[in-house]
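# Structural features, examined
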Amino acid sequence: MSIITLQSVKKDFGIKEILKDASFSLDASDKVGLIGTNGSGKSTLLKMIAGLEPIDSGQILANSAAKIIYLPQQPDLDENLTVLEQVFADSGEQMALVREYEEISDKLAHHSEDSQLMSRLSTVMQRMDATGAWELETNAKIILTKLGISDFEARIGNLSGGYRKRIALATALLSEPDALLMDEPTNHLDALSVEWLQSYLNRYRGALLLITHDRYFLDRVTNRIVEIDRGDIYSYSGNYSYYLEKKALAEESAVSSQRKHQGVLRRELEWLKKGPKARSTKQKARIDRAHALRDTEFKQVLGKVDISTVGRRIGKKVIELKEVSKAYNERTLIKDFTYEFSPEDHIGIIGSNGAGKSTLMDIITGRVKPDSGSVEIGTTIHIGYFDQHSEELLAALNDSQRVIDYIKEEGEFVKISDGTQISASQMLERFLFPGNQQYAPISKLSGGEKRRLFLLRVLMGAPNVLILDEPTNDLDVQTLAVLEEYLEDFTGSVIVVSHDRYFLDRTVDTIFALEEGGNLRQYPGNYSVYLDYKKSEEAAQKSNNDKQRNLEAKVTSEPKENANNKKRKISTWEKREYEQLEGKIAQLEGEKVKVEKAMGNVSPGNYSQVEKLYQQVEQLKQAIDKATERWMELAEMDS
């Protein structure tokens, strides 16, 4: 069943044609990922479907019986409501019952003998049962907690933009619509929240149409990819990995077809140059065909950002932090952190929202002073800081400032990796800003295009230390892929703060995890390797806890000895079993260590192998627990 259908839709903003003649449908079972370069019209398409942006021609049909919810990047919430009130805003009677129940319960806590209150409470509880309000409140609190929100009574007006986005996301999920339109739902979510949302949407029964830069998320949630490419829409069945395979084949085929076309055209043009006269129908047809070939236009392979700026020399001393600490009010964000960054470092910094990741970056760059400790930067170091709030910096500019003028403030010319110099205009073209956009005001750019423009300006400064704070927010997947390749060959130090698991897997070789209390713990490897370490640690902790519980239970349950309850002597064969168990437990422990090491050496992305090894570790743990428990039983008998 089709929920949304686009028929021959056109949209043009003057300097850019968004949709030429687009037709597209979203069925009830679709989980669609919408991709395209920044400014290609992804967000505009969602707004048109949601009825917030007019179309120039064509029509958009929506199933009148279907409930469709649109989650924008910048949701508009009522600042006077509390978190729970906002989440329940569309819940009508259910919301009223929940609030009434809470008010009565609060009063009963102080007047427990009030019979009228008890009677009212009983009535409200019955109505909550009838309307399903109990489940609604429980689900709301679960979803909010999973998204990192614990203060349900906080006022919306007192919360940051990131918290507001998560509250809007919770509101959308709780409404259980037939179709969800989501614009960058993973922005402002930490890795654990993204994992939870991914799992939730995998179970979600409605249709999805979402924009996201998170390629792992795209791969695991979607069953179809729709690409907007210079006004045209292309649909690919399957997830993001399947799309990449088909896209590569399509581009190879297009290049091959164009090459053949050029060969035929060259021969026909040579024939035309000889001056054939159209004396026969056959010759005239060939002349017409030659002209048609000459006039044929091929859509070039989608342009890609070309990052080829030259770097500068980096000395041995990069950045040294010594016993750095920072706290706000009573909360410690960073505690006694000491580290000496090297020229080859590619470090990813992770942690929950509000843990202090951006604060650490601001301390390194001198924007924020630590409460104690010191930061020393080498004399040859030139830092390029791609701030997660770069769009705010751009918004602070005069709206009438032209794109090219903004870039020229960094330099009229820039030296690229092959040593040649190119103009600011040429550099903009390499970053997919064509001539007509270069002379347009910055206010005409999309959020993602502004981010890409700021990235260009950062790189034009030829940094030898790159600090990227949430670089994947609002950048399209094509630009991210090129940025990842650039960072692989970057001859300098890279420090990345990101919740994007794919980006971290591609760009870093060490993880710093910012944990509770301001401690920064180091893990070798990329993000996937870090997850494996954490799983092993949690499994080991669980095993130790289980052993302790088993031991305590055994001690508690064993009967006390007395004259009539003597302990049974160990038999000969039990004595032999007891002696053999010591060696068996040691052998099993050795095997577990080997498997855990093998798990840490698995190449990133090979999840099937990691899962296989993880199952082996779990089986070995069970065998160790069983053997240890039997050993303890026999040891008691032998004592």
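Parameters at a glance
- Residues numbered from 1 in each chain as written.
- Predicted model: local features only at pLDDT ≥ 70, side-chain atom pairs only at ≥ 80, totals over all residues.
- Heavy atoms only, no water.
- Salt bridge = Lys/Arg side-chain N within 4 Å of Asp/Glu carboxyl O.
- Helix = DSSP H or I, 4+ residues; strand = E, 2+ residues; numbered from the N terminus.
- Buried < 20%, exposed > 50% of the residue type's maximum accessible area, 1.4 Å probe, protein only.
- Pairing = 2+ DSSP bridges.
- Axes fitted to C-alpha atoms, helices over the stretch in contact; angles between N-to-C directions.
- Contact = heavy atoms within 4.5 Å.
- pLDDT = per-residue confidence, 0-100.
- Core = buried A, V, L, I, M, F, W, Y, C linked by side-chain atoms within 4.5 Å.
- Expected span 1.5 Å × (residues − 1).

### Side note on the pattern of salt bridges
- Under the criterion given, the structure shown has 20 salt bridges.
- Ionic pairing is found between lysine 11 and glutamate 53, a salt bridge with its closest N-O pair at 3.0 Å. Taken together, the residues span a long stretch of sequence, with lysine 11 in strand E1 (residues 2-12) and glutamate 53 in the loop between helix H1 (42-49) and strand E4 (57-62) at a distance of 42 residues.
- Classification of lysine 11 by relative accessible area gives buried; the value is 6%.
- On the accessibility criterion, glutamate 53 (22% relative accessible area) is partly exposed.
- Two residues, glutamate 410 and arginine 457, come together in a salt bridge whose shortest N-O distance is 3.6 Å.

### Focus: the sheet that holds strand E13 (residues 372-377)
- With antiparallel pairing, 3 strands are arranged side by side in an open sheet as E11-E10-E13. The sheet terminates laterally at strand E11 (331-341) and E13, the two strands that pair on one side only. The mean angle between the axes of side-by-side strands here comes to 20°, regardless of whether they run parallel or antiparallel.
- Inspection of the sheet shows strand E10 (residues 319-328) paired to E13 by 5 bridges, in the antiparallel sense. Paired with leucine 321 across the strands is valine 375, a residue of E13.
- Across the face of the sheet, helix H11 (residues 357-364) comes into contact with E10, E11 and E13 while running at roughly 130° to E10.

### Observations concerning the confidence of the model for the protein chain
- Across the protein chain, the average pLDDT comes to 82, with 83% of residues at 70 or higher.
- The low-confidence segment residues 560-565, where pLDDT is below 50, has 3 contacts with residues more than four positions distant or belonging to other chains.

### Quick word on the nonpolar core
- By size, the foremost hydrophobic cluster in this structure holds 53 residues, and its most contacted members are Leu173 and Leu201.
- Contacts of leucine 173, omitting those with residues within four sequence positions, involve Ile143, Leu180, Trp196, Leu197, Tyr200 and Leu201.

### Regarding helix H7 (residues 191-203)
- End to end, H7 covers 19 Å across 13 residues, agreeing with the expected 18 Å (1.5 Å per residue, within 8%).
- Within H7, the full set of buried residues consists of Ala191, Ser193, Val194, Trp196, Leu197, Gln198, Tyr200 and Leu201.

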